[in-house]
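What follows is the residue order along each chain.
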Amino acid sequence: MIAGKPEGMVARTLRPNHPKSKGRKLRRRLYVCAKRSKSRRFHALYDRICRPDILEEAWNCVRRNGGSAGVDGETIVAIEMNGVASWLDDIRVDLETGRYRPRPVLRRYIPKADGSQRPLGIPTVRDRVVQMATKLVIEPLFEAGFHECSYGFRPERNATQAMEAIREYGNDGFHWVYDADIAKFFDSVDHRKLMLLVEERISDRRVLKLLRQWLRCGVMEDAGLKPTRVGTPQGGVISPLLANIFLNAFDRLWCHYGKELGVLVRYADDFVILCRSRRSVLTASVLVRRIMARLGLKLHPKKTKVVNLSRGREGFDFLGWHVRKCRGIQRNPRRRFVQRWPSQKAMCRIKRRIWQLTSSAHSGQKLRDIIEWLNPLLRGWRGYFRTGNSDRKFNQIDDYVHDRLTHWLRRRGGQRTSFDPHRWPHARFRELGLYQLRTTVRYPAQATRRRPLVSRVRENRTHGLKGGPTFRSTIRSGER
């Protein structure tokens, strides 16, 4: 009983004034309004971006994601040492007074498996926080209009759901697959077309000005500042959302003109189209090229192909997985079901990383330190590839880790070492804390109902599979 309350009245529970709950309520309200009216344009959004609770939530997201410094050299650790509250307050003042100007993006290159390099843009921490705040506010508006075929860089959607959609449609008779990849998508986005798509939902001039500034801020390379007239910097916080906004036009055109031909499954700039017949998949390929030409994009000639899954002779790689139809021994041996496991590129990539962690450069370290370096890598790889038919690949990785660790121990002992590899089985490394992938595969759903493992023949009837008498021969002998 609270003092001052009349008897019989229930005291009202005070709700915590949490900034994160406020931001969630704002996004939920914006999503409901955008879902209710698909043609509504929102004009009062800039003030929401400048709210202290939105900026604080954006800072928490950026700090949690980590990352290096941009062109100004300001790191997350330095900002925390100098004071986050005053730093966020300066950003809010610059946004409200219109003095905010984004800095150029720092360009770095990441080597790819085919020998080429992938350009990566690193904005400053200050720009990343403002981009995250803008994303938190405007993402619900576009999320309400995105199609179900899109799975990349969206809340509550991931690559596993995209692979599950491929499995379900593949088992339902969609044997022909058009596997496509957009060539240099993030470097080919037309700014004018992108802003026209953004203006379908946003009419706030200050928000549109922010987006234009990020698109035109330029790229800082070794040769100096390079202006950006097309494309979005791959690596920025706002870039995945802008990519989905641009490619949502492709989803819209496909659902209008090509939904009778097949099913589209898209994850960012990678997508597949599953069709029932060869004629449909060839017609779909022509339609896709026309849509891409309309958007100013091109398909990668080497990574775009037509695959026939029906007999299990062909397969394709998608999002790090290899997809192929195999016989379901425990379900129905006469049918083939879509299965997936880590692709050859994914296997080579993790083996290369394991080799680096167990190379001679770390011969002076302790074994427990090597194991502590390997465990996060193995857990992360398992977290992505555990939903599928990855048992054999997981066993191969465990054997490779075991071989590399035993080789590392033998090399550390020198030329006259008395190292015995038989004294170091898998169980001993597991006792030292090494994470193992065996028996960690989990499938989110079953393709079809499993066949019973026991025989369906009655106990008093033998089926004759192992040379015994059959039921019919037993009856005949009894009649005689």
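Residues numbered from 1 in each chain as written. Predicted model: local features only at pLDDT ≥ 70, side-chain atom pairs only at ≥ 80, totals over all residues. Heavy atoms only, no water.

J.: Which parts of the structure should I look at to understand helix α3 (residues 52-65)?
T.: Residues three or four positions apart in an α-helix share a direction because the helix packs 3.6 residues into each turn. With 14 residues, α3 extends 20 Å between its outermost C-alpha atoms, agreeing within 8% with the 20 Å of an ideal straight helix rising 1.5 Å per residue. Along α3, the residues classified as buried are D53, I54, L55, E57, A58, W59, C61 and V62. Just downstream of α3, G66 is the residue with a positive phi angle, here 75 degrees. (Helix = DSSP H or I, 4+ residues; strand = E, 2+ residues; numbered from the N terminus. Expected span 1.5 Å × (residues − 1). Buried < 20%, exposed > 50% of the residue type's maximum accessible area, 1.4 Å probe, protein only.)

J.: Which parts of the structure should I look at to understand the pattern of salt bridges?
T.: When the charged atoms of two side chains lie near each other, side chains of opposite charge can form a pair. Scanning the model with the defined rule gives 19 salt bridges in all. Between R206 and D47 there is a salt bridge, with its nearest N and O atoms 3.3 Å apart. Here R206, found in helix α9 (residues 205-215), pairs with D47, found in helix α2 (residues 46-49); they are 159 residues apart in sequence, far enough to count as distant. Taking relative accessible area as the criterion, R206 reaches 41% and is therefore assigned partly exposed. Salt-bridge contacts for E164 lead to R340; the nearest nitrogen and oxygen are separated by 3.1 Å. With a gap of 176 residues between them, E164 in helix α7 (residues 159-171) and R340 in strand β11 (residues 332-342) connect regions that are remote in the sequence. What makes R340 buried here is its relative accessible area of 2%. Each of the salt bridges in this network shares a partner with another, and the network as a whole consists of D89, R92 and E96. (Salt bridge = Lys/Arg side-chain N within 4 Å of Asp/Glu carboxyl O.)

J.: Is there a simple way to explain the pairing of strand β6 (residues 262-267) in this structure?
T.: Side-chain direction in a regular strand flips from residue to residue, so the side chains alternate between the two faces of the sheet. With respect to burial, β6 is a largely interior element, six of its six residues being buried. Taking the residues between adjacent antiparallel strands as the criterion, β6 and strand β7 (residues 270-275) are bridged by two residues, where A268 takes a positive phi near 60 degrees. (Pairing = 2+ DSSP bridges.)

J.: Any chance you could explain the confidence of the model for the protein here in plain terms?
T.: Detailed reading of the predicted model is not advised wherever pLDDT is low. In this model, the protein carries a mean pLDDT of 86, and residues with pLDDT of at least 70 account for 85%. Here residues 1-14 is modelled with pLDDT under 50, and outside its nearest four sequence neighbours on either side it reaches three contacts, counting other chains as well. Per-residue pLDDT stays below 50 along residues 446-480; that stretch engages in 28 contacts with residues further than four places along the chain or on separate chains. (pLDDT = per-residue confidence, 0-100. Contact = heavy atoms within 4.5 Å.)

J.: I keep staring at the packing of helix α13 (residues 367-385) against helix α14 (residues 391-412) and nothing clicks. Help me out?
T.: Between α13 and α14, the shortest axis-to-axis distance is 12 Å and the interhelical angle comes to 170 degrees. Considering their axes alone, α13 and α14 lie roughly antiparallel with respect to each other. Note on packing geometry: the crossing formed by α13 with α14 is right-handed. Counting all contacts with α13, which are made through L367, I370, L374, L378, W381, R382 and F385, the residues of α14 involved are F394, I397, V401, L405, W408, L409 and R412. Across the contact of α13 with α14, the residue classes tally to twelve nonpolar, no polar and two charged. (Axes fitted to C-alpha atoms, helices over the stretch in contact; angles between N-to-C directions. Parallel < 35°, antiparallel > 145°, perpendicular 65-115°, else oblique. Left-handed = near helix turned anticlockwise from the far one by under 90°. Nonpolar A, V, L, I, M, F, W, Y, C, P; charged D, E, K, R; others polar.)

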